[in-house]
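# Secondary and tertiary structure notes
Chain residues, written in single-letter form:
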Amino acid sequence: MVIFKKVAYIQQYISAQRVGGRQVGFVPTMGALHDGHISLVGQAKQAADMVVSSIFVNPTQFNDKADFEKYPISVEADVAMLIDAGCDVLLLPSVDEMYPNGTADMPVFDFGYLDTVLEGAKRPGHFKGVGQIVARLLDIVKPDKLFMGQKDYQQCMVVKNLLQQLGSNTDMIICPTQREPDGLAMSSRNRRLTTPQRALAGVIYQCLVSIKTKQTEGNFALVHKECADLMAAKGFEVEYISLADADDLTILDNYNANRPMVALIAAKLGDIRLIDNMLLQ
Ligand code: AMP
């Protein structure tokens, strides 16, 4: 695997490698890698001729300064995992390299409704930062295929919207959420959970399964209350337990068999914020 810290050098390298129509697959990450990230690299390897990944903890997408400061960093282990996974190229840039002129003059993307609900409402400015960094990374790597995880469902919708706004030809491939044996969605933030917190964290998945299973009973308000009560009893601070249209994220008050549906949960255990979701079909 070739590692680049400088944007100019990786651009030269990728464009030289692209000869003969070789397809570039791209897996952007913030590091602290786990098997969820590695599954994206695996899918990229199957679908593209060359896999590029990036590790960059993007400061502009953290609305919570403490969350940014405590974000886990494990570059050496990450590099070893990427090599094992067969990643070809890694971009490991500094903040100055990504934002050489700061962010003031960078384009600001308007994600409309998507930026007002769920993660958009709970994390003001988050998707603005995501839009900034993804646009910058796309401009550097110019991938044919972009691999993102369903774990960050709303982020996938935002990036799809961004690709449209950019008039980009990049295909986005949404990869399934990888889970721990108890159902907890793999996440870099999980490693900050204490042992007792970790033992409870699978409850989020149990609630998503129960929202999905009980759709036949047709009473989301009841299931919502059961899940909210259970999570509160276990010590979670629930931010939302929501049912939404899977295509446009319209919030649904109740199950609707005529719409594609997704259940989404965000909750904190101590100061660690966890999100997860599940499609209901
Ligand atoms: P992050 O490092 O958290 O920014 O994640 C980088 C990419 O990995 C994003 O596209 C995430 O959606 C994806 N990802 C994170 N966790 C998982 C998971 N458990 N399963 C699949 N993809 C994931």
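Residues numbered from 1 in each chain as written. Predicted model: local features only at pLDDT ≥ 70, side-chain atom pairs only at ≥ 80, totals over all residues. Heavy atoms only, no water.

### What about a nonpolar patch on the surface?
A contiguous nonpolar surface patch, about 240 Å² in accessible area, is contributed by Met1, Ile3 and Ile83. Note on Ile3: relative accessible area 40%, which makes it partly exposed. (Patch = residues over 30% accessible without salt bridge, like charges linked within 9 Å, V, L, I, M, F, W, Y side chains within 5 Å. Areas by Shrake-Rupley, 256 points an atom, 1.4 Å probe, with all protein chains shown as cover. Salt bridge = Lys/Arg side-chain N within 4 Å of Asp/Glu carboxyl O. Buried < 20%, exposed > 50% of the residue type's maximum accessible area, 1.4 Å probe, protein only.)

### Quick word on the domain arrangement of the protein
Reports of interface size often rely on the accessible area that becomes lost once the parts have come together. One can read the domain layout of the protein as domain 1 (2-175) and domain 2 (188-274). A C-alpha centroid distance of 26 Å is found between domain 1 and domain 2. Taken together, the contact pairs 21 residues of domain 1 with 18 residues of domain 2. Across the interface of domain 1 and domain 2, roughly 1,700 Å² is buried in total on both sides, 54% from carbon and sulfur atoms. Counting every contact that joins domain 1 to domain 2 gives three salt bridges. A salt bridge links Glu119 to Arg273; the shortest N-O distance between them is 2.8 Å. Where domain 1 packs against domain 2, one counts 13 residue pairs in polar contact (both at pLDDT 80 or more). (Domains from an automatic or database assignment. Contact = heavy atoms within 4.5 Å. Buried area = accessible area lost by both parts, 1.4 Å probe. Polar contact = N/O pair within 3.5 Å; in protein donor to acceptor, adjacent residues only side chain to side chain.)

### What about the sheet that holds strand S7 (residues 237-245)?
Hydrogen bonds along the backbone pair up the strands of a sheet, which may run parallel or antiparallel. Reading across the sheet, the three strands line up as S7-S8-S9 and stay open at both edges, with antiparallel pairing between neighbours. The strands lining the two open edges of the sheet, one partner per strand, are S7 and strand S9 (272-279). With direction set aside, neighbouring strand axes in the sheet form an average angle of 10°. Examined bridge by bridge, strand S8 (residues 261-269) and S9 share eight bridges and lie antiparallel to one another. In the sheet register, Leu264 faces S9, and the bridge partner there is Asn277. (Pairing = 2+ DSSP bridges. Helix = DSSP H or I, 4+ residues; strand = E, 2+ residues; numbered from the N terminus. Axes fitted to C-alpha atoms, helices over the stretch in contact; angles between N-to-C directions.)

### Describing the sheet that holds strand S1 (residues 2-4)
Spatially, six strands are ordered S1-S4-S3-S2-S5-S6 in an open sheet, and the strand pairing comes out parallel. Only two strands of the sheet have a single partner each, and these edge strands are S1 and strand S6 (171-175). Between one strand axis and the next, the sheet turns through 25° on average, direction left out of account. Looking at chain direction, S1 and strand S4 (residues 89-91) are connected through three bridges and run parallel. Within S4, the position partnered with Val2 by the bridge is Val89. Strands in contact with helix H4 (residues 75-85) are S1, strand S3 (50-55) and S4; relative to S3, the strand with the most contacts, it is inclined by about 170°.

### Observations regarding unusual backbone geometry
What is expected of a backbone is that most residues other than glycine have negative phi and most peptide bonds are trans. Of note in this structure, Ala32 is not a glycine but carries a positive phi near 50°. Mapped onto the elements, Ala32 comes out in the loop between strand S2 (24-29) and helix H2 (35-47). Among the residues examined, Ala32 registers a relative accessible area of 1% and is labelled buried. At Leu118, a position not held by glycine, the phi torsion is positive, near 45°. Inspection of the secondary structure puts Leu118 in the loop between helix H5 (95-98) and helix H6 (119-122). Residue Leu118 is classed as buried on the basis of its relative accessible area of 8%.

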